[in-house]
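An overview of the molecular structure
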2 protein chains.
Amino acid sequence: MASVAKEGQSDDASGEVRFVRQYDKRPQGGLAEKRAAILEGGLKAFAQHGYTRATIDSIAFRSGVSTRTIYNHFCDKEHLFQEVIQFSAERVAQAYLAIIDRYLRKVTDLEDDFLDLGRAWVEPMPEYADHDALVRQILAEAAHIPVAAIRAWQEAGPLRVRRALAAALRRLAELGWLHVDDPESAALHFTLLVSAGQHPHRQIAPLENRTIDLVAAGIRAFLYGYAR
Amino acid sequence: MASVAKEGQSDDASGEVRFVRQYDKRPQGGLAEKRAAILEGGLKAFAQHGYTRATIDSIAFRSGVSTRTIYNHFCDKEHLFQEVIQFSAERVAQAYLAIIDRYLRKVTDLEDDFLDLGRAWVEPMPEYADHDALVRQILAEAAHIPVAAIRAWQEAGPLRVRRALAAALRRLAELGWLHVDDPESAALHFTLLVSAGQHPHRQIAPLENRTIDLVAAGIRAFLYGYAR
DNA sequence: TAAAATGTACAACGAGGATTGTATACTCCC
DNA sequence: GGGAGTATACAATCCTCGTTGTACATTTTA
């Protein structure tokens, strides 16, 4: 494990900030701004280093806030993590909902429009660059996160997006553009196939067990695609 | 984060072992056995709790070994982690290679045989139950693991399997069973589609950037599958 | 402008945990 | 049966980090 440059004194990564007194970069405004800054800093820290490695000190420093202020806004590190997850998931979900709406509201050329959709889907979104890394941390930490928090994240993020995509696909099927038996599976398959380049490996999800059905559906799609 | 029951004194999970003196469950045999036991225990601990949370003490306890013995076999926690990764990756890769060989060596009914292959692919392998969790930990820790170790893992595990699958698909194409332009992509798509039920969410992989091509390929497969 | 909120620096506490040294106990081979 | 190699228990070291208390500064608000 390459040792991470100690934070809190001189920031890592970009090195923009070094030995700056907290006062200088203090976000103007009241309660809400501090809170937002902490969430943003926490997102970066948790995403890059994971829950345990991300120290409160480093989060405070990234956020331009004292550690005490963090404890004034969030009861402890664990709850901060959960709120960061929720914060980031909601924001990114919004972006995907916008993409779905933009490319699937009106379809004129099926293949062209889906290609555009696919490209938009995997186009990196620099504003939310850390979110994917955060998701990896969530998946790794899943066993140590309360079930309620996991569920809340799923509902606010991935499930919400998938449902919207499924609805869009169902609509296209009703308009005669597609043949879709199970819009939910179709939406899932779409996201998997489209971001195949992003996935180097496989990961798990013990939340659903319609495994058999999904295997069959996957095989069918695969064979339709490759068996001509 | 649900606090984890402290290990090393009374084991968690199954609770099979509590306050057992190391002597009692000491694996018989010499050097190699100790080493194997440590790798096995490390695998469980790292998979369940992640790199930082898995303590050397807990690994020692699970392995039925003293912490000192761990340090006699592995120079430090970091290297132990890397060796555990390699160990598990190789073992699981073997299992998948066997599956590929078993179901794709001789094909008589395309759909039936691929369905069997797909079911075998996602059939949980209890012997290697922890491996998926370990992979999640690797992905989360990736930024803190030396590039060489990541690459070694990829080569020994996922890439090796994917290449074998690609070779099998290419052979089936040559025999006229399939139409496959790019066996590598086809293999990747197969694994993604087949384990769609296992993946609740998306994950990343900054190792390849033929993103555009893969998007197009994914879309094509998707449309072939769902646009009839 | 002054009280109330809120934020900051600083220091302290306490727990957990990686790593190492050491003296003692086992095991295996000759 | 005894020595070499290995393992064990135990304890000590040293460091990181979450969390809290406190006195002082800043900002907001009325």
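1. Here's the deal with the packing of aromatic side chains
Residue and element names in this part refer to chain A.
- This structure, assessed with the given rule, holds 12 aromatic pairs over all chains.
- Between the aromatic rings of phenylalanine 46 and tyrosine 51, the centroid separation amounts to 5.8 Å while the plane-to-plane angle is 15°, which identifies the pairing as stacked.
- Overall, tyrosine 51 belongs to the buried group, its relative accessible area being 10%.
- Note on tyrosine 51 and phenylalanine 81: the rings are 5.1 Å apart at their centroids and 50° apart in plane angle, and the pair reads as tilted. Taken together, the positions of tyrosine 51 in helix H1 (residues 31-53) and phenylalanine 81 in helix H4 (residues 77-104) put the pair 30 residues apart, joining distant regions of the chain. The burial state of tyrosine 51 is the same as that of phenylalanine 81; both residues are buried.
- Feature note: the residues Tyr96, Phe114, Trp121 and Phe190 constitute an aromatic cluster, connected by ring pairs.
- Lying across the ring of tyrosine 51, lysine 77 places its NZ or CZ 4.6 Å from the centre.

2. A short note on the environment of Ala167(A)
- Along the chain, Ala167(A) turns up in helix H8 (residues 158-174).
- In the structure, Ala167(A) is positioned 16 residues away from Pro183(A) in sequence and 7.1 Å away in space, judged by C-alpha atoms.

3. A look at the nonpolar core
- Counting 68 residues, the largest nonpolar core has Leu104(A), Phe114(A), Trp121(A), Phe114(B) and Trp121(B) as the members making the most contacts within it.
- If near-sequence neighbours (up to four positions away) are discounted, Trp121(A) is found in contact with Tyr96(A), Ile99(A), Ile100(A), Val161(A), Leu165(A), Phe190(A), Thr191(A) and Val194(A).

4. Comments concerning the environment of His131(A)
Residue and element names in this part refer to chain A.
- Tracing the backbone shows histidine 131 in helix H6 (residues 131-141).
- Residue classification places histidine 131 among the buried positions, given a relative accessible area of 8%.
- C-alpha of histidine 131 to C-alpha of isoleucine 85: the two residues are 46 residues apart in sequence and 8.8 Å apart in space.

5. Topic: the pattern of salt bridges
- Enumeration according to the criterion identifies 12 salt bridges over all chains in this entry.
- When the shortest N-O distance is used, the salt bridge between Glu141(B) and Arg53(A) registers 2.5 Å. Pair noted here: Glu141(B) is in helix H6 (residues 131-141) and Arg53(A) is in helix H1, and the two residues belong to different chains.
- Take Glu141(B): its relative accessible area is 7%, and that puts it in the buried class.

6. Details of helix H9 (residues 183-194) of chain B
Residues and elements named next belong to chain B.
- The end-to-end C-alpha distance of H9, which contains 12 residues, comes to 16 Å, matching closely the 16 Å that a straight helix rising 1.5 Å per residue would cover.
- Across the 12 residues that make up H9, a large majority, 11, are buried.
- Those residues of H9 lying buried are Pro183, Ser185, Ala186, Ala187, Leu188, His189, Phe190, Thr191, Leu192, Leu193 and Val194.
- For H9, the side-chain oxygen to backbone nitrogen distance between the N-cap and glutamate 184 is 3.0 Å, and the N-cap itself is aspartate 182.

7. Looking at the packing of H4(A) against helix H5 (residues 110-122) of chain A
Residues and elements named next belong to chain A.
- In the contact formed by H4 and H5, the axes pass within 9 Å of each other and the chain directions differ by 165°. Taken together, the axes of H4 and H5 are roughly antiparallel relative to one another. For the element pair H4 and H5, the recorded crossing hand is right-handed. When H4 is examined against H5, the residues Tyr96, Ile99, Ile100, Tyr103 and Leu104 are found in contact with a partner set consisting of Asp113, Phe114, Asp116, Leu117, Ala120 and Trp121.
- Classifying every residue of the contact of H4 with H5 by side-chain character gives nine nonpolar, no polar and two charged.

8. A short note on the confidence of the model for chain A
Residue and element names in this part refer to chain A.
- Across chain A, pLDDT averages 81, with 76% of residues at or above 70.
- Contacts for the low-pLDDT stretch residues 1-29, under 50 throughout, to residues beyond four places or in other chains number 47 contacts.
- Low pLDDT, under 50, characterises residues 201-209; the predicted model gives this stretch 29 contacts beyond four residues in sequence or across chains.

9. With respect to the environment of Ser195(A)
Residue and element names in this part refer to chain A.
- Looking at the element boundaries, serine 195 is found in the loop between helix H9 (183-194) and helix H10 (211-226).
- With a relative accessible area of 3%, serine 195 lands in the buried category.
- Residues serine 195 and glycine 118 lie 77 residues apart in sequence; the distance between their C-alpha atoms is 8.2 Å.

The rules behind each value
- Residues numbered from 1 in each chain as written.
- Chains lettered and ligands numbered in written order.
- Predicted model: local features only at pLDDT ≥ 70, side-chain atom pairs only at ≥ 80, totals over all residues.
- Heavy atoms only, no water.
- Phe/Tyr/Trp six-rings, centres within 6.5 Å; stacked < 30°, edge-to-face > 60°.
- Buried < 20%, exposed > 50% of the residue type's maximum accessible area, 1.4 Å probe, protein only.
- Helix = DSSP H or I, 4+ residues; strand = E, 2+ residues; numbered from the N terminus.
- Lys NZ or Arg CZ within 6 Å of the ring centre and 35° of its normal.
- Core = buried A, V, L, I, M, F, W, Y, C linked by side-chain atoms within 4.5 Å.
- Contact = heavy atoms within 4.5 Å.
- Salt bridge = Lys/Arg side-chain N within 4 Å of Asp/Glu carboxyl O.
- Expected span 1.5 Å × (residues − 1).
- Polar contact = N/O pair within 3.5 Å; in protein donor to acceptor, adjacent residues only side chain to side chain.
- Axes fitted to C-alpha atoms, helices over the stretch in contact; angles between N-to-C directions.
- Parallel < 35°, antiparallel > 145°, perpendicular 65-115°, else oblique.
- Left-handed = near helix turned anticlockwise from the far one by under 90°.
- Nonpolar A, V, L, I, M, F, W, Y, C, P; charged D, E, K, R; others polar.
- pLDDT = per-residue confidence, 0-100.

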